[in-house]
Amino acid sequence: MGRINYGEYEHIVFFTGAGMSAESGVPTYRGRDGIWNQYRWEEYACQNAFDADPEKVLKFHELRRGTVLTCTPYPVHETIAALEKKGQVITVVTQNIDGMHQRAGSMQVIELHGSLWRVRCPRHGISEDMNSTYSRYRCDKCGEWLRPDIIWFGDSLNQRVTAEAAVIRRCDLFVSIGTSGVVYPAARFPRIARENNARCIEINPEANEMSFLYDETIREKAGTALPELFGEE
Ligand code: OAD
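Described in the following lines is the structure provided in the data block. Since the model is a prediction, treat every value here as computed from it, not as a measurement.

1. Here we look at the sheet that holds strand β2 (residues 90-94)
The parallel open sheet is built from six strands, whose spatial order is β3-β2-β1-β7-β8-β9. Lying at the two open borders of the sheet, with one neighbouring strand each, are β3 (109-111) and β9 (216-218). Neighbour-to-neighbour, the strand axes of the sheet open up by a mean angle of 15°, direction not taken into account. Lying over the sheet, helix α6 (residues 75-85) contacts β1 (12-16), β2 and β7 (173-177), oriented at roughly 150° with respect to β2.

2. A short note on unusual backbone geometry
In this structure, P185 follows Y184 across a cis peptide bond, with omega equal to 5°. Counting through the fold element by element, P185 comes out in the loop between β7 and α9 (189-195). Although it is not a glycine, N197 sits at a positive phi angle of roughly 70°. Considering the arrangement of structural elements, one finds N197 in the loop between α9 and β8 (199-203).

3. Some words on helix α10 (residues 222-230)
What α10 keeps buried is the set A222, G223, A225, L226, L229 and F230. Seen end-on, α10 carries its buried residues on one side only, within an arc spanning 170°. Looking at the packing, one finds that the buried side of α10 touches β1, α6, β7, β8 and β9.

4. Digging into the pattern of salt bridges
Following the criterion strictly, the structure yields 15 salt bridges and no others. Salt-bridge contacts for E42 lead to R40; the nearest nitrogen and oxygen are separated by 3.9 Å. Classification of E42 as partly exposed rests on a relative accessible area of 34%. As a salt-bridge pair, E202 and R219 come within 3.0 Å of each other at their nearest N and O atoms.

5. Section: the pairing of strand β4 (residues 114-121)
Along β4, six of the eight residues are buried, which leaves the element largely enclosed by surrounding structure. As paired elements, β4 and strand β6 (residues 147-150) share three bridges and run antiparallel to each other. By the bridge assignment, G114 is partnered in β6 with I150. Relative to strand β5 (residues 125-128), β4 runs antiparallel, the two being bridged by four bridges.

Reading guide: rules and limits
- Residues numbered from 1 in each chain as written.
- Predicted model: local features only at pLDDT ≥ 70, side-chain atom pairs only at ≥ 80, totals over all residues.
- Heavy atoms only, no water.
- Pairing = 2+ DSSP bridges.
- Helix = DSSP H or I, 4+ residues; strand = E, 2+ residues; numbered from the N terminus.
- Axes fitted to C-alpha atoms, helices over the stretch in contact; angles between N-to-C directions.
- Contact = heavy atoms within 4.5 Å.
- Buried < 20%, exposed > 50% of the residue type's maximum accessible area, 1.4 Å probe, protein only.
- Arc of directions from axis to C-beta.
- Salt bridge = Lys/Arg side-chain N within 4 Å of Asp/Glu carboxyl O.

Geometric descriptors of this kind do not, in isolation, establish any biological role.
Laid out in structure tokens, this is it:
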């Protein structure tokens, strides 16, 4: 597949998953070295786990924060950010919680699954917390445990975020990068884009159950495919 004449498109959505950050060194979730092969999500990534042992769950997320901070956005994140800087209307709809798109300079980023870099007090709401270790485990106003502001297994998506993600209905080019397409409701997004007549492209070295939904599939790593499609000539 040749370069994409992106100027032809009014609104491009990049729909990203863990594979987007894999070449930066952030582990994916599934597959041989995936996070959920090393850690049982039931012990680290659901409300029950947090209620049972908040400190254990917070320490797990600190480990993840530490890993992400040693990684830098790969040129592939920068390719997307550069398109937006050129004036192209771009929305990144990401399942990733690593903040890499923002670090690379993307402005319109919808974080479907929350962020590693925020915590939530049940009484005092959400606050940013950007270092490798959490600055505190409990709210300094009320003493409640601060929960990572992440959509864990069994949680519903935030309603505001769901409303923002409706942007998928309006895009005319939908580019999915590095997702296994198994986690709902995000797994439905390619179908929504297709039903609304967007050109749908998948970039993923491996096929999955959702691959049939795409007009074109590119079986390469994001770091190879994306600059070929969208990079400087
Ligand atoms: P997965 O780990 O399920 O899938 C990663 C995908 O990236 C796989 O399909 C790989 O083939 C692909 N991949 C690996 N390296 C790649 C590369 N260099 N370039 C392109 N693709 C590559 O990750 P997600 O689909 O993002 O939820 O997982 C969805 C959700 O499940 C995550 O958001 C997370 C997890 O539980 C939360 O954190 C709430």
